[in-house]
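Descriptive analysis of the structure
Listed below are the residues making up each chain.
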Amino acid sequence: MTNLDLLLKWNIFKYCMETLGLKLHTTLRKHKNKGGRKMKKATTIIWKILFLSIFITLQLTATLNAQSDDYVVLWNKLGSEDEILNSEIGPNLEFYDQDLHDPPGCCDVEGGRLYDFGVFGNGVMLSGGPYYVTARIHNLVLSNLSSYVSSEQGTIAVWYMQKNDPVSYVNNVYRIFDGDFGLGAGMQFQSVEDGGLVFSLAFGGETSSVNTDISTFNNTWIHIAAVWDRNGIAGTPEALRLYVDGVKVASTTQNNWGTSVGDMADICGSNDDDENFAMDNLVIYDFAKTDFSDRFSENPLTSVSRKYQDATSIADLDGNGFPEIAVLHTRNGHTYVTLKDSYNKTQVGRIYFFNDKWTPKAISTLADMNGNGTDELAVLAVKKENGKVWVKILDSETREVLNSVYFLDNDWMAMGLTTVADLNQNGVDELAVLVVEKSTGRGNTIIRDAETREQLNWICY
Ligand SMILES: [Ca+2]
Ligand SMILES: [Ca+2]
Ligand SMILES: [Ca+2]
Ligand SMILES: [Ca+2]
């Protein structure tokens, strides 16, 4: 829940209390000199107010407790029927049902489950056999997949243990998060005979794929993560990555997969046979996560540190006619801009700006520079190692990096950022950065063209 939410709720609460207080005041005054029956009525109103305030306070607390880090799209403990059907965060998982989820093609079978193994309490293992060769045994299902998984960026992280390697026509394909013979998610996170642990994205377009051999880990629990960002993971050119036990083990820069996310994913499913692998603590993030040092805590929010820096509004991006609010903030040291609709609060985008070697200072918007019709976001930041002051400009929709503009060295403190209408008539707005000279304490604004980077003015205050 945002602070704005809280403020709104608090104001509603205050309004309710004030209205009732006024009513009480009027009632009391009205009945001041009348009999005990009237006083009784006033007392009832006092009790009503008391109950209402307790109710509202409880509601406020409940909303606060239920607030989730919206970076975590889904967290499911996977340790029992109840845990699977009731995710800790995000959408619940379902058990595969032939009538509900029946995919086209033959041999689809409803799987059973065992909960004996786990890293945190129990995990889940496909069981309930014997099945038959060519059976496509589906297990847990995440429906409405496209509401929770973006074709542009994300992370699927889970604890995993396979007892043996998959073998064709014996037990080939362990579908960790969909995969071959799965439910058409358009993505594959699976263990297969050829390739080992595979992560691939197609989403209706070309297939990008990474893989790594995990045979040496058989019968050991490992933490695995599939990470993607079409615009580059954490500011690198890599678009797909695989992590094992927090270490990057495979990556590719190929990023031309499609944009059409399937309807559902088969989780912990397999072919032919059962009881070959287990999973525990599934977490889906809405961004490309690169630090998995928090994998030993069951709750993915335990070690999250956040810092909020600045905000600006930007012209409507999601087409509902209302502008978005762009908030500049860090999560575990990495700088993001999160865009939410100013009217209906929906998340419109999350844009990665800097890694943890930078300190963000301020944000501003710029009129469309790359001609795609959407305004740009400019973020002022300081490089920690040398104190240099930069502004980075990204398209607010495509997240494409449009420019990086160097302003000053570490003799200056970066304080603020705004944009100025085109001064040098080149059709592009200018960036104005407020800096304070460390030696004198004087404030200055420096104006540079957002495209050519040319210094257009320097104003001392
Ligand atoms: Ca568990
Ligand atoms: Ca909007
Ligand atoms: Ca643009
Ligand atoms: Ca200009």
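First, a word on what this report is: a plain description of the structure on this page. These numbers come from a predicted model, not from an experiment.

What counts, and at which threshold
- Residues numbered from 1 in each chain as written.
- Chains lettered and ligands numbered in written order.
- Predicted model: local features only at pLDDT ≥ 70, side-chain atom pairs only at ≥ 80, totals over all residues.
- Helix = DSSP H or I, 4+ residues; strand = E, 2+ residues; numbered from the N terminus.
- Buried ≥ 20, exposed ≤ 12 C-beta atoms within 10 Å, placed from the backbone.
- Contact = placed C-beta atoms within 7 Å.
- Pairing = 2+ DSSP bridges.
- Axes fitted to C-alpha atoms, helices over the stretch in contact; angles between N-to-C directions.
- Core = buried A, V, L, I, M, F, W, Y, C linked by C-beta atoms within 7 Å.
- Domains from an automatic or database assignment.

1. A look at the overall build of the protein chain
Assigned secondary structure in the protein chain consists of five helices and 29 strands. Within the protein chain, the fraction of its 461 residues that count as buried is 39%. Partitioning the contacts of the protein chain with sequence separation of at least 6, the portion at a separation of at least 24 is 56%.

2. Observations regarding the sheet that holds strand E29 (residues 455–460)
In spatial order, the strands read E26-E27-E28-E29; together these four strands make up an open sheet with antiparallel pairing. At either end of the open sheet lies a strand with only one pairing partner, and these are strand E26 (412–420) and E29. Direction aside, neighbouring strands of the sheet carry axes that sit 20° apart on average. Here strand E28 (residues 443–449) pairs with E29 via five bridges, running antiparallel. Across the sheet, the residue bridging to Ile447 is Asn457, located in E29.

3. So, unusual backbone geometry
For the bond running from Gly129 to Pro130, omega is 10°, close enough to zero to count as cis. Unlike most non-glycine residues, Thr134 shows phi in positive territory, near 85°. Inspection of the secondary structure puts Thr134 in the loop between strand E5 (124–127) and strand E6 (136–138). Phi is positive for Phe203, which is not a glycine, with a value near 45°. Position of Phe203 among the secondary structure elements: in the loop between strand E11 (196–201) and strand E12 (208–212).

4. Side note on the nonpolar core
A general tendency of soluble globular proteins is for nonpolar side chains to be buried together. Core analysis: the biggest nonpolar cluster contains 104 residues, and Met279, Val337, Val379, Val391 and Val433 have the highest contact counts within it. Examining the composition of this core, we find that seven residues originate from one element, strand E17 (residues 277–285), more than from any other. Looking at this core, you find at least three residues from each of domain 2 (72–296) and domain 3 (306–460). In contact with Val337, other than residues within four places in its own chain, are Ala326, Val327, Leu328, Ile351, Phe353, Ile363, Leu377 and Val379.

5. As for the sheet that holds strand E24 (residues 389–395)
Strands sit in the order E22-E23-E24-E25 across an open sheet of four strands; the sheet is antiparallel. The outermost strands of the open sheet, each flanked by one partner alone, are strand E22 (358–366) and strand E25 (401–408). When the angles between neighbouring strand axes are averaged without regard to direction, this sheet yields 20°. Looking at chain direction, E22 and strand E23 (residues 376–383) are connected through eight bridges and run antiparallel. When the bridges of E23 are listed, Pro360 appears paired with Ala381.

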